[in-house]
Amino acid sequence: MKAGAPDKFIVKGKRLDGRKIDELRPIKIKAGVIKSADGSAYLEMGETTVLVAVRGPREVIPRHLAMPDKAYLNCVYDMMSFATPERNRPGPSRRSTEISKVMKDALSPAIFLEKYPKTKIDIYAEITNANAGTRCAAITAASVALADAGIEMKDIVASIGVGKAGGKLMLDLFEPEDNFGEADVPIAIMPRTEEITLLQMDGDLSKDELKKLIAIGKKACKEIYKKQKQALKKKFETEKEAKK
Amino acid sequence: MRTRTVKSHISALLSKNKREDNRKFDEFRNISIDVNPIPRAHGSCKVKLGETEVIVGVKLDVGEPFPDTPNEGVLIVNAELGPLASPEFESGPPRENAIELARVIDRGIRESKCIDFEKLCIKEKEKVWMLFIDVYPINDSGNLLDASALAAIIALKNALLPKYDKKEEKVLYKEFTKKKLPLTKTPIQCTYAKINGSIILDPSKREEDSLDSRLSISILESGNICAMQKGEVGTFTDKEILDLVEKAIKKSKDLRKLVK
């Protein structure tokens, strides 16, 4: 066993943070939090917090990236230096570069990129506090920010981490489960069609366990989807109120 | 973005003693403060100055002291002007603006001698506390300088040292002690902008884009000055500078009440 690992992941039928195995951490989503951006969102999933700004569609710089038939989607995932227990050096890393790419790949299928040829859409996700599930939080928040920016989309992508710890399949892993558990599967779907747009996995799972985890993940994504829509409605309703 | 039309509009208003947001010339925008919003940081603060928003986090680590100060802790200030906060910021290594911002905040804190660095020594020549202050703007609507300086001093005041295992020589980053940083003073910074001869406190984004020169002044409780920075291509006369110091001494008293 690795140093620092908990003896048990389940105590008296509950997880180390008191949740049931199929329970999400409390989620809070707010749209329109950054004034200078075209669209933005703040998301809290337990102790994991993220801010996302969307800018565009706008001019493509450098110009050779422009595509005649669709928009160029640029996605940047970054973590504040004080978001982790030990200070992490600011600036891009191999990890953040990969996550930027999988985020882009998870969000692209939901956006009508062909409606915005020769332009660029930028998504900037900044993890303000990290306690597992940061890429899922960033994708969930980014879809809200994209919708907030008025970018035409087929659906809002919702994302969650599922996995296995202490022999049990679990929903929405938090740090000890993520670090010392047996497997971790971040997943994102377009809830309307249930198409999967992100799937990563590391650890040890049987085929049957994976099947179960995907089902658990899908169910949770639909729950998150409701919160995403609520956040967007709330933003535009308050805007309407303010205009009256 | 600097445009001539914005500048002529702003300066025409100023010549009639007006500002776009109806503020007085020596008035800050509304300030709201959120203490320790980042649980993982050893200390943090979010400051909203009008629509300008910035998060400053303090992280502690243990490292080797500099050879010329073998019994003193180390302070490192860094600012990341990321594309999240403004369409004018780009990803990549810090540019001039980010480095100037970080260095102005650094000097305001370091030169005020508000931190007793000797108390941050664990073992002379070998182990001292390293203090990292990282500035992350969330939205730039002008005067990141004062918003960041205020957030930095509040984050420092509310930081708690993590546990240090002397035997293993390891920092337990997740375990917070009840020990605060050895702070003795509170420097407060006020930034003024000069636009076509008019001088205003706390420039908004459009005022900042129109300014000829700016002056940041850090003031201590005693009324003494601990750091200054003149920025941009315009000039000040000595009379103007002394007048601004006088004003900053008065203004800093109001701001200091917000620091807890």
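This one's a predicted model, so the numbers in the text were calculated from it and none came from an experiment. (Residues numbered from 1 in each chain as written. Chains lettered and ligands numbered in written order. Predicted model: local features only at pLDDT ≥ 70, side-chain atom pairs only at ≥ 80, totals over all residues. Heavy atoms only, no water.)

What follows concerns the overall build of chain A. Scanning chain A for helices and strands turns up 4 helices and 12 strands. In terms of its C-alpha atoms, chain A occupies a principal-axis envelope of roughly 55 × 45 × 35 Å. Looking at the 244 residues of chain A, the share that counts as buried comes to 52%. Look at the contacts in chain A between residues 6 or more apart in sequence, and 68% of them connect residues 24 or more apart. If you sum the accessible surface of chain A, you get close to 11,800 Å²; carbon and sulfur atoms cover 52% of it. Computed over 44 positive and 35 negative side-chain charges, the separation of the two mean positions in chain A equals 3 Å. (Helix = DSSP H or I, 4+ residues; strand = E, 2+ residues; numbered from the N terminus. Buried < 20%, exposed > 50% of the residue type's maximum accessible area, 1.4 Å probe, protein only. Contact = heavy atoms within 4.5 Å. Areas by Shrake-Rupley, 256 points an atom, 1.4 Å probe, with all protein chains shown as cover. Lys, Arg positive; Asp, Glu negative; His and termini not counted. Charge placed at Lys NZ, Arg CZ, Asp CG, Glu CD.)

This part covers the interface of chain A and chain B. One frequently used descriptor of interface size is the decrease in accessible area upon assembly of the parts. Taken residue by residue, the interface counts 30 residues in chain A and 27 residues in chain B. Interface of chain A and chain B: buried area, both sides summed, is about 2,300 Å²; carbon and sulfur atoms make up 61% of it. A per-residue breakdown of the area chain A buries against chain B is headed by Phe82, Pro85 and Arg87 of chain A, which together make up 31% of the total. For the interface between chain A and chain B, the tally reads 4 salt bridges. With a shortest N-O distance of 2.8 Å, Glu175 of chain A and Arg40 of chain B are connected by a salt bridge. At the junction of chain A and chain B, the tally comes to 14 residue pairs in polar contact (both at pLDDT 80 or more). Listing elements by their share of the side of chain A that touches chain B, those giving two or more residues are β5 (48-58), β6 (72-79) and β7 (120-129) of chain A. The greatest single-element share of the side of chain A that touches chain B, amounting to 5 residues, is contributed by β5 of chain A. Its residues placed into classes, the side of chain A that touches chain B shows 14 nonpolar, 7 polar and 9 charged. (Buried area = accessible area lost by both parts, 1.4 Å probe. Salt bridge = Lys/Arg side-chain N within 4 Å of Asp/Glu carboxyl O. Polar contact = N/O pair within 3.5 Å; in protein donor to acceptor, adjacent residues only side chain to side chain. Nonpolar A, V, L, I, M, F, W, Y, C, P; charged D, E, K, R; others polar.)

This brings us to unusual backbone geometry. The peptide bond linking Gly56 of chain A to Pro57 of chain A adopts the cis configuration, its omega dihedral lying at 0°. Here Pro57 of chain A lies in strand β5. The phi dihedral of Lys113 of chain B is positive, around 55°, even though this residue is not glycine. Tracing the backbone shows Lys113 of chain B in the loop between α2 (96-110) and β5 (121-123). Phi at Lys125 of chain B is positive, roughly 70°, even though this residue is not glycine. Its place among the elements puts Lys125 of chain B in the loop between β5 and β6 (127-139). Look at Lys125 of chain B and you get exposed, because its relative accessible area is 62%.

A separate point is the packing of helix α2 (residues 134-148) of chain A against helix α4 (residues 207-243) of chain A. Residues and elements named next belong to chain A. Contact geometry for α2 and α4: axes closest at 10 Å, N-to-C directions at 35°. Between α2 and α4 lies a crossing whose hand is right-handed. The residues of α4 that touch α2, namely those facing Thr140, Ser143, Val144, Ala147 and Asp148, are Ile224, Gln228, Leu232, Lys235 and Phe236. Residue composition of the contact of α2 with α4, grouped by class: 5 nonpolar, 3 polar and 2 charged. (Axes fitted to C-alpha atoms, helices over the stretch in contact; angles between N-to-C directions. Left-handed = near helix turned anticlockwise from the far one by under 90°.)

Turning our attention to the pairing of strand β8 (residues 170-180) of chain B. Residue and element names in this part refer to chain B. As defined by bridge partners, strand β7 (residues 160-165) adjoins β8 across 5 bridges and the pair is classed as antiparallel. Paired with Pro162 across the bridge in β8 is Phe176. Here β7 hands over to β8 after 4 residues, with Glu169 in that stretch at a positive phi of 55°. (Pairing = 2+ DSSP bridges.)

A few words on the environment of Ile154 of chain B. All names here are of chain B. Its location among the elements puts Ile154 in helix α3 (residues 144-157). Residues Ile154 and Val47, 107 residues apart in the sequence, show an inter-C-alpha distance of 9.3 Å. Ignoring anything within four residues of it in the chain, the contact list for Ile154 reads Ile33, Val35, Cys45, Leu258, Val259 and Lys260.

This next bit is on the packing of aromatic side chains. Tallied over the full model, the rule gives 2 aromatic pairs over all chains. For the ring pair Phe82 of chain A and Tyr136 of chain B, a centre distance of 5.5 Å and an interplane angle of 85° mean the geometry is edge-to-face. Here Phe82 of chain A is found in the loop between β6 and α1 (94-107), whereas its partner Tyr136 of chain B is found in strand β6 on a different chain. Across this residue pair, the class does not change: Phe82 of chain A and Tyr136 of chain B are buried. When the ring of Trp129 of chain B is compared with that of Tyr164 of chain B, the centres are 6.0 Å apart and the planes differ by 70°; the resulting orientation is edge-to-face. A residue pair is termed long-range when its members are at least 10 positions apart, and Trp129 of chain B in strand β6 and Tyr164 of chain B in strand β7 qualify at 35 residues. Just as Trp129 of chain B is buried, Tyr164 of chain B falls in that class too. The ring of Phe236 of chain A carries the charged tip of Lys235 of chain A above its face, separated from the ring centre by 4.9 Å. (Phe/Tyr/Trp six-rings, centres within 6.5 Å; stacked < 30°, edge-to-face > 60°. Lys NZ or Arg CZ within 6 Å of the ring centre and 35° of its normal.)

For the rest of this paragraph, the subject is the side chain of Glu126 of chain A. Summarising the element assignment, Glu126 of chain A is placed in strand β7. Buried and unpaired, Glu126 of chain A has Arg55 of chain A as its nearest opposite-charge partner, separated by 10 Å. Beyond its immediate stretch of four places on either side in the chain, Glu126 of chain A contacts Thr49, Val50, Leu51, Asp78, Met79 and Met80 of chain A together with Leu84 and Tyr136 of chain B.

The next thing to look at is empty space enclosed by the protein. All names here are of chain B. This structure, assessed with the given rule, holds 3 cavities of 30 Å³ or more. What the largest cavity holds in volume is close to 70 Å³. Residue lining of the largest cavity: Val104, Ile105, Gly108, Ile109, Ala149, Ala152, Ile153, Pro187, Ile188, Gln189 and Ser218, and that is the complete set. Only α2, α3 and β9 (188-195) provide two or more residues apiece to the lining of the largest cavity. The biggest single contributor to the lining of the largest cavity is α2, with 4 residues. In the lining of the largest cavity, the residues fall into 8 nonpolar, 3 polar and no charged. (1 Å grid on protein atoms, 1.4 Å probe; cavity = no way out; pocket = protein on both sides within 12 Å on 5 of 7 lines; lining within 4 Å. Points joined across faces, edges and corners; volume = space filled by probe spheres on them.)

Next up on the list: the layout of surface pockets. To find the voids left in a structure, one rolls a probe of water-molecule size over its atoms. If you add up the space inside the largest pocket, you get close to 1,100 Å³. For the largest pocket, the lining is made up of 45 residues, of which Leu81, Gly82, Phe89, Asn97 and Ala98 of chain B are closest to its centre. When contributions to the lining of the largest pocket are tallied by element, the ones reaching two or more residues are β6, α1 and β7 of chain A together with α2, β6, α3 and α4 (205-210) of chain B. Per element, the largest residue contribution to the lining of the largest pocket is 5 residues, and it comes from α2 of chain B. Here the lining of the largest pocket is composed, by residue class, of 21 nonpolar, 9 polar and 15 charged. There is about 970 Å³ of room inside the second largest pocket. Considering the residues around the second largest pocket, the lining is formed by 37 residues, among which Lys30, Gly32, Val33 and Tyr42 of chain A together with Lys46 of chain B are closest to the centre. When contributions to the lining of the second largest pocket are tallied by element, the ones reaching two or more residues are β3 (27-31), β4 (39-45), β5 and α4 of chain A together with β2 (43-49), β3 (52-63) and β6 of chain B. Top element by residues in the lining of the second largest pocket is α4 of chain A. It accounts for 7 residues. Taken together, the residues of the lining of the second largest pocket break down into 13 nonpolar, 9 polar and 15 charged.

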